Amino acid sequence: MLQEFKAFIARGNVLDLAVAVIIGAAFATITTSLTEDIIMPVVGAIFGGADFSSYFIMLGPVPEGYAGSLNDYAALKKAGVPLFGYGQFITVIINFVILAFIIFLIVRTANKLFKKPEETVAPKGPSEVELLAEIRDLLKK
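From a predicted model like this one, the values you see are computed outputs, not experimental measurements.

1. Let's talk about the overall build of the chain
Consideration 1: When helices and strands are counted, the chain shows five helices and two strands.
Consideration 2: Counting from the amino terminus, helix and strand elements in the chain follow one another as α-α-β-α-β-α-α.
Consideration 3: Here the chain has a C-alpha radius of gyration of 30 Å; the compact-globule value for 141 residues is 14 Å, and the former is much larger.
Consideration 4: The principal-axis extents of the C-alpha atoms in the chain amount to approximately 110 × 50 × 25 Å.
Consideration 5: Buried residues in the chain amount to 13% of all 141 residues.
Consideration 6: As displayed, the chain has an accessible area near 11700 Å², and 69% of this comes from carbon and sulfur atoms.

2. Here we look at the pattern of salt bridges
Consideration 1: As enumerated under the stated definition, the model contains one salt bridge in all.
Consideration 2: The salt bridge partner of R136 is D137, with a shortest N-O separation of 3.4 Å.
Consideration 3: For D137, a relative accessible area of 36% gives the class partly exposed.

3. Quick word on the nonpolar core
For soluble globular proteins, nonpolar side chains are generally found buried alongside one another.
Consideration 1: Judged by nonpolar contacts, F56, Y73, L76, V81 and L83 together constitute the single largest core of five residues.
Consideration 2: Residues within four places of V81 in sequence aside, it is in contact with M58, G60, P61, V62, P63 and L76.

4. Side note on a nonpolar patch on the surface
Consideration 1: Residues I57, L59, F84, Y86 and I90 make up a contiguous nonpolar surface patch of roughly 460 Å² in combined accessible area.
Consideration 2: If you trace the backbone, F84 turns up in strand β2 (residues 83-84).
Consideration 3: Residue classification places F84 among the partly exposed positions, given a relative accessible area of 45%.

5. So, the packing of aromatic side chains
Consideration 1: What the rule picks out here adds up to four aromatic pairs.
Consideration 2: Taken together, a centroid distance of 5.6 Å and an interplanar angle of 50° make the contact between F56 and Y73 tilted. Placement of the pair is F56 in the loop between α2 (12-46) and β1 (57-58) and Y73 in helix α3 (residues 73-78), with a sequence separation of 17 residues.
Consideration 3: In textbook terms, an aromatic cluster arises when at least three aromatic residues are bridged by ring pairs, as seen for Y55, F84 and Y86.

Cut-offs and rules
Residues numbered from 1 in each chain as written. Predicted model: local features only at pLDDT ≥ 70, side-chain atom pairs only at ≥ 80, totals over all residues. Heavy atoms only, no water. Helix = DSSP H or I, 4+ residues; strand = E, 2+ residues; numbered from the N terminus. Rg over C-alpha atoms; globule rule 2.2 N^0.38 Å. Buried < 20%, exposed > 50% of the residue type's maximum accessible area, 1.4 Å probe, protein only. Areas by Shrake-Rupley, 256 points an atom, 1.4 Å probe, with all protein chains shown as cover. Salt bridge = Lys/Arg side-chain N within 4 Å of Asp/Glu carboxyl O. Core = buried A, V, L, I, M, F, W, Y, C linked by side-chain atoms within 4.5 Å. Contact = heavy atoms within 4.5 Å. Patch = residues over 30% accessible without salt bridge, like charges linked within 9 Å, V, L, I, M, F, W, Y side chains within 5 Å. Phe/Tyr/Trp six-rings, centres within 6.5 Å; stacked < 30°, edge-to-face > 60°.

Take it as geometry only, folks, not as evidence of what the structure does.
Below, the structure is given as structure tokens:
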């Protein structure tokens, strides 16, 4: 079993996949920063709020001894308050759409750069049956 696992890991596809996952994770952090630091503040300003994560509904009581702001989503969540964080969900959805669009652009560009040459269709010749019949006729002569 150990030998099979070693052979599985040593195959190029597994190593390529591991590299792709690592690069994808790094790319995701870039996209997250683009979304949270550049796009979401602009979208929030257009819709009247500076940060979508501040849009939430408290579903339970605030614990005694909590001294933070009642408008701070992260602090309330850390304190254990049950929250319906629809603003954070909107942020994640926008992040996903941006990431999917960027990946689409990368794949589209790569497909254009590495476009396979079109295979020329060879002219269709006689079928095997026709060739065999022709050989038979030649042998009869």
